[in-house]
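What follows is each chain in one-letter form.
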Amino acid sequence: MCGIFGITDSKDASKLAYVGLFTLQHRGQESAGIVTDDKGTLRHHIGMGLVSEVFTKDALESLTGRSAIGHIRYSTTGSSHIKNAQPLVLDSYLGQVAVAHNGNITNADRLKADLQKNGAIFQSTSDTEVILHLAAKYRGSRLEDTLAKNLPKLEGAYAFLFMAPGKVIGARDPSGFRPLVLGRLGKSFILASETCAIDVAGGKTIREIEPGEMVVIEGGKASFRRFAPAQKFTRCIFEQVYFARPDSVAAGRTVQTARYEIGSVLARELKDVKADLVSGVPDSGTVYALGFSKEAGIPFQTVFMRNHYTGRSFIQPDQRLREFTAHLKLAPIRDVIQGKTIILIDDSLVRGTTSRKIIKSLKKAGAKKIILAIASPPIISPCFYGIDTPNKTELIANKLTVEETRRFIGADELHYLGLENLVSACGDRKDRNFCFSCFTGKYAGYPGGRRARRPAAAL
Ligand code: AMP
């Protein structure tokens, strides 16, 4: 996971990077960092916490310079540490180089072991640092040449932003697992994980960076080159299902449109269902529920008050904290719930923890019957490409049948969306090029259809 944002040629570079990262905050809340290029000197400020906590006014003002790259990190178990916060900044024979990464490099362990054998000393435990060490070995005179030579050695998923004195470089893995879009704001170029960050910073989206493509922004100009032939384009479908912000555009439509459509399709799949109201688990479930409501003619109602100041419950690294924060986050609205048959929509079932708790609290508030509709198929396999899904043994759909799952979470009925319907709702026909390995257990892999190895560290 994680979010990245970069901007060039602006007197407000660090402030706009702040705006971009703030807009991408939903992609990770563990740490945030910005590096600026002040006439060839890279300045950085990186810390643990939310963007608004890490960057005080003084910190932002100390980040002088006309270009900036930034990163927000998603927390995963065991790796929540400042030394893994990004962007990483290293000194190299090319001078200072900074990198921000969204994704997961599946062969990082092997590459790292080889590099260490040859004397490399790593400063973090994240997989991201590998690319900088690889780059340091190949003595091209320009960072982009060095990267073009070394990026093809990486397997897995990545959207990268690099900064070296005078330039910002973006690169996307040859399968396009993780998103990266290019935008303009006056004379500035923007690179971001999602279009919503370009919009909020006041820019216009130009296009996606293509799989296997690199963009080099230098001297006010952007040049594009391919560092690897594009593999089969397999963008992560979980961006649409859960991760991306509804106002972002991906695969030819806003995520909001995709989710509304998924809600309609769910209603068609459940065409004989009878209920008093339909509702969504906030926030992502709400749009699904609106689409369902319109299609099925069943009224939409909000059944939970969400407290927005708690962060995402799933993101808390340990189970005990995760359970505690889930209670803080969603409070049932009794009058709406009492005596009602409710169709409740959530984007996904992972371990089943959230649904179980939510259904319990709805029943406690007097709900007569809960029909849980999941806006995606059962997740049966982990993601090796950067989405934080747990290993197979923790995935509920891998341990229990649908009927057993229904009983475990306490729903009266449980329905999952079919994969084909999900795919067609998520993108325009020409853009239905998704990775959905988590629903099938079949990994498109990279390169050439190989099964991915376990990741070194998920971002
Ligand atoms: P669980 O409680 O383990 O079944 O997780 C499902 C809930 O977590 C759903 O409400 C989703 O909105 C959310 N969710 C699903 N996948 C992720 C993820 N990779 N990171 C954070 N939250 C997630």
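Residues numbered from 1 in each chain as written. Predicted model: local features only at pLDDT ≥ 70, side-chain atom pairs only at ≥ 80, totals over all residues. Heavy atoms only, no water.

## Comments concerning the confidence of the model for the chain
- In this model, the chain carries a mean pLDDT of 90, and residues with pLDDT of at least 70 account for 91%.
- Per-residue pLDDT stays below 50 along residues 446-459; that stretch engages in 53 contacts with residues further than four places along the chain or on separate chains. (pLDDT = per-residue confidence, 0-100. Contact = heavy atoms within 4.5 Å.)

## What to know about the pattern of salt bridges
- Applying the stated rule across the entire model yields 29 salt bridges.
- Between R268 and E295 there is a salt bridge, with its nearest N and O atoms 3.4 Å apart. A residue pair is termed long-range when its members are at least 10 positions apart, and R268 in helix α9 (residues 255-269) and E295 in helix α10 (residues 284-296) qualify at 27 residues.
- For R268, a relative accessible area of 43% puts it in the partly exposed group.
- On the basis of relative accessibility, which here comes to 40%, the residue E295 falls in the partly exposed class.
- Between K430 and D431 there is a salt bridge whose closest N-O contact spans 3.1 Å.
- Note on D431: relative accessible area 13%, which makes it buried.
- Several salt bridges converge on common partners, so that one network encompasses R142, E144, D145, K167, E218 and R225. (Salt bridge = Lys/Arg side-chain N within 4 Å of Asp/Glu carboxyl O. Helix = DSSP H or I, 4+ residues; strand = E, 2+ residues; numbered from the N terminus. Buried < 20%, exposed > 50% of the residue type's maximum accessible area, 1.4 Å probe, protein only.)

## Digging into the domain arrangement of the chain
- Here the domain parsing of the chain yields domain 1 (3-233) and domain 2 (239-440).
- Each side of the interface is counted separately: domain 1 has 22 residues, and domain 2 has 19 residues.
- Across the domain 1 to domain 2 interface the summed buried area is about 1,900 Å²; carbon plus sulfur atoms make up 53%.
- Inspection of the region where domain 1 meets domain 2 yields two salt bridges.
- Taking the shortest distance from any N to any O, the salt bridge between E239 and R178 comes out at 3.5 Å.
- Here domain 1 is connected to domain 2 by eight residue pairs in polar contact (both at pLDDT 80 or more).
- A class-by-class count of the residues in the side of domain 1 that touches domain 2 yields seven nonpolar, eleven polar and four charged. (Domains from an automatic or database assignment. Buried area = accessible area lost by both parts, 1.4 Å probe. Polar contact = N/O pair within 3.5 Å; in protein donor to acceptor, adjacent residues only side chain to side chain. Nonpolar A, V, L, I, M, F, W, Y, C, P; charged D, E, K, R; others polar.)

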